[in-house]
Amino acid sequence: MRRAGLAWWLSLGLLFGACDGDGGDGDAGTDAGPVAEEDAGPPPEPRVCELPVRPVTDRDLSVLLFTRTEDFRHASIPTAVEALEARADEGFAFTHTEDPAIFTDEDLADFDVVVFLHTTGDVLDDEHQAAFERWVRAGGGYVGVHAAADTEYDWPWYGRLVGAYFRNHPVLPLEATVTTEDLCHASTDHLEDTFEFEDEWYNFDRNPRRDHHVLMTVDEDDFTLPNTDGGPNMGGDHPIAWLKEFEGGRSFYTSLGHRPETWSNPLFMEHLLDGLRWAASPREWSWQAITTELRNPLAVDVAPDGRVFVIERTGELYVWSPETGRLTLALDLEVSLDGENGLLGIALSPGFASDGHVFLYYASPDETRPDEPPGWNILSRFTMTGDGTLDPSSEMELLRVPSERDCCHEGGALDFGPDGTLYLSTGDNTFPHDAGGFAPLDGREGREIYDARRTAPNPDDLRGKILRLRPDGTIPDGNLFDPSGDEGRPEIFVMGTRNPFRIAVDEETGRLFWGDVGPDAPLDTRRGPRGYDEINLAEAPGNYGWPYCIADNQPYREFDFETESYGELYDCTGMVPALLYYDYFETTYLALGDGKDPEGATHPALGSLDLVGRTAIAGDFYRVPEGDAPYALPEGFRDTLLMGEWTRNRLVSVEIEDDGRLGAVRRMVPFVPTVRPIDVATAPDGAIYVVEYGSSFFGDNEDAQLLRIEFSPDGTLPPVARIEASPVAGAAPLEVELSAEGSWAPGEGDAIASYEWDVDGDGTVDGTGATLSHTFTEGGVFQPTLVVVGTSGRRSLPVSRRIVVGNTPPEVTITTPADGSRVVDGAEVPLEATVTDAEDGTPPCEDWTWDIRLGHNSHTHPFRVLDGCTTSFEARLPSGADIEQHFFAIEARYRDRGGPSGEPALTARDGVVLGVDPAE
């Protein structure tokens, strides 16, 4: 058997023709991958891969062996070169050199693969580094062997290419147990599940699993000697070989090969040579930020004609056109932003091509009726007009859901089932913090908002549910309660949810999935189980247990908040357990990682705090679209739930068996960087769109974007256009520098041949260079567009950049408190900022907004919204809060009044983060 916790957790599967997925059922997973057969007895059956194996290239390859060293020199270099050159009759032409002068555009063009073989230290100067970067971006393959990770520490690009830098190793080579994680990749399909191997085992400065596909790991239990510098090992997950698609090419690294004897080992040689072949094979994946103009994106849907609809929490509905590359505002809806509200959900009608219906779920700003709840969240249908906008007067209100407008858990996702019914998710709308991370069950008078029993398990309340309606708002058959409403609200399909923020419905089977974001307790206690996030599946109406049960129906205990006394465990009989669940720290599914921030502390105010988090997002159930779908995901990701892990920056494929049991859980394309993926949708051509919320605690994220991911098994990928512009706003005349230098051509044998700029939107080409300077002489909003054309003749999708001429962005600076400072729990914190604007001068203080958020682990919740040039707030943590895991995030912002001729308003902001110390 392969060692639990490493070998059967494969995370990337088919990206490289791999076979194993993260096997697992709802409890912890079982070994779903193939097991090596015994040598004795009948001939072994062939390994059956869960995913198809893509063969590596079989053409003859020209390979540069580069062995320059400026630090330690391995004695095995001559043996290694000789061993590789002896395999020239297997389709390789090797050129060996230690002269960096070969790293020029002209010379590198002769090679398919460059091998850094036991290189150490700084081996290339700036000019040669730049040439090598250009060669890789043009499709070159890189292979690093052993000490290649002990090379070019001051060249960050190389660090990203190799995947991790050498840190230390045991003082002598040791025999240790190696686990083959990928049993079907060409470079490892000949290896046993586990085998003994002697080598010098490198520890690295990071775990490459975060953004690489891992091929092999080593068992540190076999390390019996101290490290060379006395430093630590890597722990229970210690990769030693990995790969990825990188920029325009591919990168393969193996840390094996230290000893001269290794180079006569046929198993190692096959591993390395097939790694060379893989590095020279065509790329299969491409990704492109098709718009970076978003700031608060929450959800996405795609029309049959390929247009992409994205909502922003702040009330905007944008439409991106694949024909023009431009993002247009289709609706600007006034919404309440109190708590976790705003424009929360979108779904296009199944008949959108003919009826133009768009369904939105939003927080109404009309909160003036004293005899009703503080607020209403509204499900409405709108109709698109011929000019591509939504007609506000076409609104047809279908349903109202009450909202306390105080803190948390509003849900808000929409999706259609194959029978045409519409699903809407709602959160429990309950303040969670004073419950110590357990179920909020505070029954004291006046504490109703701290008690989830008033909503999630209440059949007469629409919150903490998933609702099911017809598109006209009427109630279909088949919901949880009788249409009469005598037993409960007839709209309810699922009850007992906490915060089902995103849902997905399988368009063929009608199976309903949702990610339920769980509470925060890090450990089990007498109160009940630790916090878990869940992926749930409903094939029929049901009660999923919250706030009495969580995960696999683990019960909470009755707790008297007044006397702090314990009662009986709740009865979970009849509750539906989660399909998949995971906590902060345990690596139940390696594809989901654990909750530790891979970068460590992210802010000086947090000191050495290990930020932790988890946020399960049910993005989309992936089915290959009908008709021509050239970029359809490969087998293994088809007919699976594509979920996002918002906090951990991951995309994951969750396989569901026909009987509804959990199958393999696989990491999707780890080398595609995502920043808090919050929704996923499938394009008509089989590609997927991923909404990236961005990294800021506040929203209003500069790094929010809409990402498109494509797959092509034969490398027939279009070029990728990328636009940079500076400045993007200012008074007229405004000279703007436009650049396409970040564009690339990932397709096999392709390179960028030309650039096509359309600056004024008239459909004609205004420039053909990689850069363009243009002066806008009149005020207004402009969207220069770029298309990149490859030598293959394939054209990129157009991309654009929004330029506002006639209005200068304001400037906001928080002067008090200082970023990174610390406050005492319960102290009054003064706030002061400066705001200037070229057109508005110094704006009145009542126009400045302060957004104060309470942070814990790696996310924040709304805490206070204030206004004024100066103000203050009481930095009091909830009772029972773990002070070491909490902080305050503060943002000051100002939205100006627009330009003098009606140019759009612009917003500026500044933010600080404050650590918290206990009161004396």
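Position numbers for residues count from 1 along each chain, tracking the sequence in the order it is written. Local features in this predicted model are restricted to residues of pLDDT 70 or higher, and side-chain atom pairs are both shown and tallied only at a pLDDT of 80 or more, whereas totals for entire chains, interfaces and linings draw on every residue. Calculation of side-chain values draws on the structure's entire complement of heavy atoms; hydrogens and water are dropped beforehand.

J.: Just to check I follow, could you spell out the environment of Ser-792 for this structure?
T.: Secondary structure counts use DSSP, requiring at least four H or I residues in a row for a helix and at least two E residues in a row for a strand, with both numbered from the N terminus. With respect to the helices, strands and loops of the structure, Ser-792 is situated in the loop between strand E47 (785-790) and strand E48 (799-800). Only protein chains enter the accessibility calculation, which uses a 1.4 Å probe; a residue whose area is less than 20% of its type maximum is buried, one above 50% is exposed, and one in between is partly exposed. Ser-792 gets classed as partly exposed once you look at its relative accessible area, which sits at 37%. Along the sequence, Ser-792 and Pro-719 sit 73 residues apart, while their C-alpha atoms lie 9.4 Å from each other. Under the rule applied, a polar contact is a pair of N or O atoms within 3.5 Å (in protein, one hydrogen donor and one hydrogen acceptor; residues adjacent in sequence only if both atoms are side-chain atoms). A polar contact of 3.2 Å, which involves the side chain of Ser-792, links it to the backbone nitrogen of Arg-794.

J.: Is there a simple way to think about the state of the cysteines in this case?
T.: Structurally, a disulfide amounts to a covalent bond that connects the sulfur atoms of two cysteines. In plain terms, two cysteine sulfur atoms within 2.5 Å form what is called a disulfide here. Overall, the coordinates contain three disulfides when judged by the stated rule. A disulfide bridge connects Cys-845 with Cys-869, and the sulfur atoms are separated by 1.6 Å. Taking the sign of the torsion about the S-S bond as the criterion, the disulfide between Cys-845 and Cys-869, at about -90°, is left-handed. Placement of Cys-845 in the loop between strand E52 (828-836) and strand E53 (849-856) and of Cys-869 in the loop between strand E54 (859-867) and strand E55 (870-874) is noted, with a sequence separation of 24 residues between them.

J.: Just to check I follow, could you spell out the sheet that holds strand E12 (residues 285-291) for this structure?
T.: The strands making up a sheet associate through hydrogen bonds between their backbones, and the pairing can be parallel or antiparallel. Sheet architecture is open: four strands sit in the order E12-E40-E39-E38, paired in antiparallel fashion. Edge positions in the open sheet fall to E12 and strand E38 (677-682), since each of these has one partner strand only. Here the strands of the sheet are splayed against their neighbours by 25° on average, with no regard to which way each runs. Taken together, the five bridges between strand E39 (residues 688-692) and strand E40 (residues 705-711) define a ladder with antiparallel strand orientation. Bridging from a neighbouring strand, Ile-688 pairs with Ile-709 of E40. Two strands are said to pair when DSSP picks up at least two bridges between them. An axis is simply a line fitted to the C-alpha atoms; with a helix, the fit covers only the stretch in contact. Between two such axes, the angle follows the N-to-C directions and lies from 0 to 180 degrees.

J.: Please explain the pattern of salt bridges as it appears in this structure.
T.: In the sections that follow, a salt bridge refers to a side-chain nitrogen of Lys or Arg positioned within 4 Å of a carboxyl oxygen of Asp or Glu. For the structure shown, the criterion picks out 53 salt bridges. Linking Glu-293 and Arg-801 is a salt bridge whose minimum nitrogen-to-oxygen distance equals 2.9 Å. With Glu-293 in the loop between E12 and strand E13 (297-302) and Arg-801 in the loop between E48 and strand E49 (803-805), the pair connects residues that are 508 residues apart, well separated along the chain. With its nearest N and O atoms 3.2 Å apart, the salt bridge here joins Arg-853 to Asp-851. Taking the relative accessible area as the measure of exposure, Arg-853 reaches 9% and is therefore buried. Within the structure, one salt-bridge network assembled from shared partners comprises Asp-700, Asp-851, Arg-853, Glu-891, Arg-893 and Arg-909.

J.: Just to check I follow, could you spell out the packing of aromatic side chains for this structure?
T.: Ring geometry is summarised as follows: Phe, Tyr and Trp rings, the Trp one being its six-membered ring, pair when their centres sit within 6.5 Å, and such pairs are stacked at plane angles under 30 degrees, edge-to-face over 60 and tilted between the two. Within the structure shown, the criterion is met by 46 aromatic pairs. Judged by centre distance (4.9 Å) and plane angle (35°), the ring pair of Phe-776 and Phe-782 falls under tilted. Here Phe-776 falls in the buried class, since its relative accessible area comes to 4%. Within the aromatic cluster, the residues linked to one another by ring pairs are Phe-66, Phe-103, Phe-116, Phe-132, Trp-135, Tyr-142, Trp-155, Trp-157, Tyr-158 and Phe-246. Charge-over-ring contacts are defined here by two conditions on Lys NZ or Arg CZ: a distance within 6 Å of the ring centre and an angle within 35 degrees of the ring normal. Residue placement shows Arg-447 over the ring face of Tyr-450; its charged tip is 3.6 Å from the ring centre. Its end group placed over the ring of Trp-646, Arg-676 keeps NZ or CZ at 4.3 Å from the ring centre.

J.: When you look at the environment of His-856 in this model, what are you seeing that I'm missing?
T.: Tracing the chain through its elements places His-856 in strand E53. Residue His-856 is classed as buried on the basis of its relative accessible area of 3%.

J.: Is there a simple way to explain helix H1 (residues 77-85) in this structure?
T.: Residue pairs three or four apart in sequence face the same way in an α-helix, which turns once every 3.6 residues. Along H1, the positions that sit buried rather than exposed are Ile-77, Ala-80, Val-81, Ala-83 and Leu-84. Along the long axis of H1, the arc covered by the buried residues comes to 165°, so they all point the same way. Residues of H1 that are exposed and angled more than 90 degrees away from the buried face: Pro-78 and Glu-82. Residues of H1 that are buried make contact with strand E1 (61-66), strand E2 (92-97), strand E3 (113-117) and helix H5 (266-279). As used here, the arc belongs to the directions running from the helix axis to the C-beta atoms. Residue contacts are counted whenever heavy atoms from the two residues lie within 4.5 Å of one another.

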